[in-house]
Amino acid sequence: MKGQVPTAQFHTGASNTEAYFELIDGKDIGIVTNQTGIVDYDSVFRMTDSVSMKNREMRIRKQIHLVDFLVTKSHQKLKKIYAPEHGFRGTADDGEDIKDGKDTKTGIPIISIYGDNKKPSADQLKGIDVMLFDLQDVGTRFYTYISTLHYVMEACAENKIPLIVLDRPNPNGSVVDGPTLEKQYSSFVGMHPIPVLHGLTIGEYARMINGEKWLKNGIQCDLTVIPCLNYNRQMTYHLPVRPSPNLPNDRAINLYPSLCFFEGTNVSIGRGTEKQFQVYGSPNLPEMHFEFTPKPNFGSKNPPLNGKICCGEDLSFETRHAGIELKWLLKAYQDFTDKPKFFISYFTKLAGSPTLQRQIESGMSEAEIRQSWKPGIDEFKKIRKPYEIY
């Protein structure tokens, strides 16, 4: 019948309410989430309430935030929101301190778990019976939501609070690529010995953190992962909401694993423009057919190379890449007029070791660099296999 809801309709873990409502029923709930924690309005109300057949057939596709949905359920007691980098509403700059506060819409207290307080304290977890975790990851080691996941798992394990991860697809798919982090170079932009692209959903990643005993002292969390319904690893997933201020669209998310290396250089990736992570350029690169001037804007109050004309390339028309492209980084280094100032110390944290910088400075080709990644990638694929859900 025309307009009928397909039986194999896709749902995120958050929309898969039948799988976790019994686990939180009547309990005092904490939730780690941000602007990406949205659910399909029709789906969740269809799963939990009686709605008219007319609405079912129309397949209303309105979206509602999970927090707003939970407060409509009288038997759910949502007590605290824990906000990661960029804040609960996702408007803060990269690296900007997030303050505690109160959600103006629901009145629920918001606790920042970014900046100096990346791990919820026992006091901040007081009164919480169960923790929900619903963040949209982009499948990249230096994207900090998986580091937030680590600390939340650790805090829940130490305070004996069950954690329920509501899974969401990885928009960069199942590809594994890039150099593997060496443990001595762990930081908040890379905590675990994995390649840059890990190819897992955030729920699968949580299972790996637990199974590999990566939490402090090898402790393990009481973990439940609520899977996506009717999802497979080959599906292309379009994010309905930008996961952070400077990843505005699918193209930026796809280019992010390749262009984020430039954050460890004196080359701009378009912060302060409308094409964040879709361009690169610098005053120290030769004039090409494209230039831009970073200026303060949403998500970047003081962008790198603010007010300076940057020559470079516009990649916003690139086709989708299945993995990391090094050609732009290698070309920029080759053309940079002041090579000793190309790299900054942050590059080592992003790359996970000093090796990639040394390889680029020594003139190694992309093929040679890629070959050096292979042992780490092959080993990681073996490690991650038991934790795959889809």
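Now for a look at the structure at hand. Worth saying up front: this structure is predicted, and the values here are computed from it rather than measured.

Some points on the overall build of the protein
- Secondary structure summary: the protein contains 11 helices and 12 strands in total.
- The globule rule puts the C-alpha radius of gyration for 390 residues at 21 Å, and the 21 Å found for the protein is close to it.
- When its C-alpha atoms are laid out on the principal axes, the protein stretches across 65 × 50 × 40 Å.
- Partitioning the contacts of the protein with sequence separation of at least 6, the portion at a separation of at least 24 is 74%.
- Total accessible area on the protein stands at roughly 16,700 Å², and carbon and sulfur atoms take up 49% of it.

Structural notes on the sheet that holds strand β12 (residues 310-314)
- Read from one edge of the open sheet, 3 strands run β10-β12-β11, paired in antiparallel fashion. The open sheet has two edge strands with one neighbour each: β10 (279-282) and β11 (290-292). Taken pair by pair, the neighbouring strands of this sheet meet at an average axis angle of 40°, ignoring direction.
- Pairing of β11 with β12, which is carried by 3 bridges, proceeds in the antiparallel orientation. Bridging from a neighbouring strand, F292 pairs with C310 of β12.

A look at the sheet that holds strand β7 (residues 130-134)
- Here we have 7 strands laid out as an open sheet, ordered β5-β6-β4-β1-β7-β8-β9, and mixed in their pairing. Edge positions in the sheet fall to β5 (101-102) and β9 (223-226), since each of these pairs with one other strand and no more.
- The pairing of β5 with strand β6 (residues 109-112) spans 2 bridges and is antiparallel. Bridge pairing in β6 links G101 to I110.
- Its contacts with the sheet put helix α5 (residues 145-158) on β1 (28-33), β7, β8 (163-166) and β9, and the angle it makes with β7 is roughly 170°.
- The strands touched by helix α6 (residues 202-211) within the sheet are β7, β8 and β9, with β9 carrying the most contacts at an inclination of about 160°.

Concerning the pairing of β6
- Where strand β4 (residues 77-83) and β6 come together, 3 bridges link them in parallel fashion. By the bridge assignment for β6, Y82 is matched with I111.
- In this antiparallel pair of consecutive strands, β5 and β6, the connection spans 6 residues, and G107 shows a positive phi of 80°.

A few points about the pattern of salt bridges
- Enumeration according to the criterion identifies 16 salt bridges in this entry.
- Notably, a salt bridge pairs E366 with R370, separated by 3.3 Å at the nearest N-O pair. Here R370 and E366 lie together in helix α11 (residues 366-384), a separation of 4 residues that amounts to about one turn.
- A salt bridge links R384 to E388; the shortest N-O distance between them is 3.1 Å. Here the two residues R384 and E388 agree in accessibility, since each one is buried.
- Through salt bridges with shared partners, a single ionic network connects K119, E154, E158 and K216.

Points about helix α8 (residues 327-335)
- The set of residues buried in α8 consists of W328, L329, L330, A332 and Y333.
- Buried residues belonging to α8 abut α7 (250-259), β10, β12, α9 (346-351), α10 (355-361) and α11.

Regarding the pairing of β12
- In this structure, β10 lies alongside β12, joined through 4 bridges in antiparallel fashion. Note on β12: the bridge partner recorded for V279 is D314.

Some thoughts on the environment of G26
- Tracing the sequence through the fold places G26 in the loop between α1 (21-24) and β1.
- In this structure G26 comes out as partly exposed when scored by relative accessible area, which is 41%.
- Between the C-alpha atoms of G26 and V175, which are 149 residues apart in sequence, the distance is 40 Å.

Points about the side chain of T140
- Note that T140 resides in the loop between β7 and α5.
- One polar contact links the side chain of T140 to the main-chain carbonyl oxygen of V138, over a distance of 3.3 Å.
- In this structure, T140 is in contact with I146, N172, V196, L197, H198, Y256 and P257, ignoring residues within four places of it in sequence.

The rules behind these values
- Residues numbered from 1 in each chain as written.
- Predicted model: local features only at pLDDT ≥ 70, side-chain atom pairs only at ≥ 80, totals over all residues.
- Heavy atoms only, no water.
- Helix = DSSP H or I, 4+ residues; strand = E, 2+ residues; numbered from the N terminus.
- Rg over C-alpha atoms; globule rule 2.2 N^0.38 Å.
- Contact = heavy atoms within 4.5 Å.
- Areas by Shrake-Rupley, 256 points an atom, 1.4 Å probe, with all protein chains shown as cover.
- Pairing = 2+ DSSP bridges.
- Axes fitted to C-alpha atoms, helices over the stretch in contact; angles between N-to-C directions.
- Salt bridge = Lys/Arg side-chain N within 4 Å of Asp/Glu carboxyl O.
- Buried < 20%, exposed > 50% of the residue type's maximum accessible area, 1.4 Å probe, protein only.
- Polar contact = N/O pair within 3.5 Å; in protein donor to acceptor, adjacent residues only side chain to side chain.

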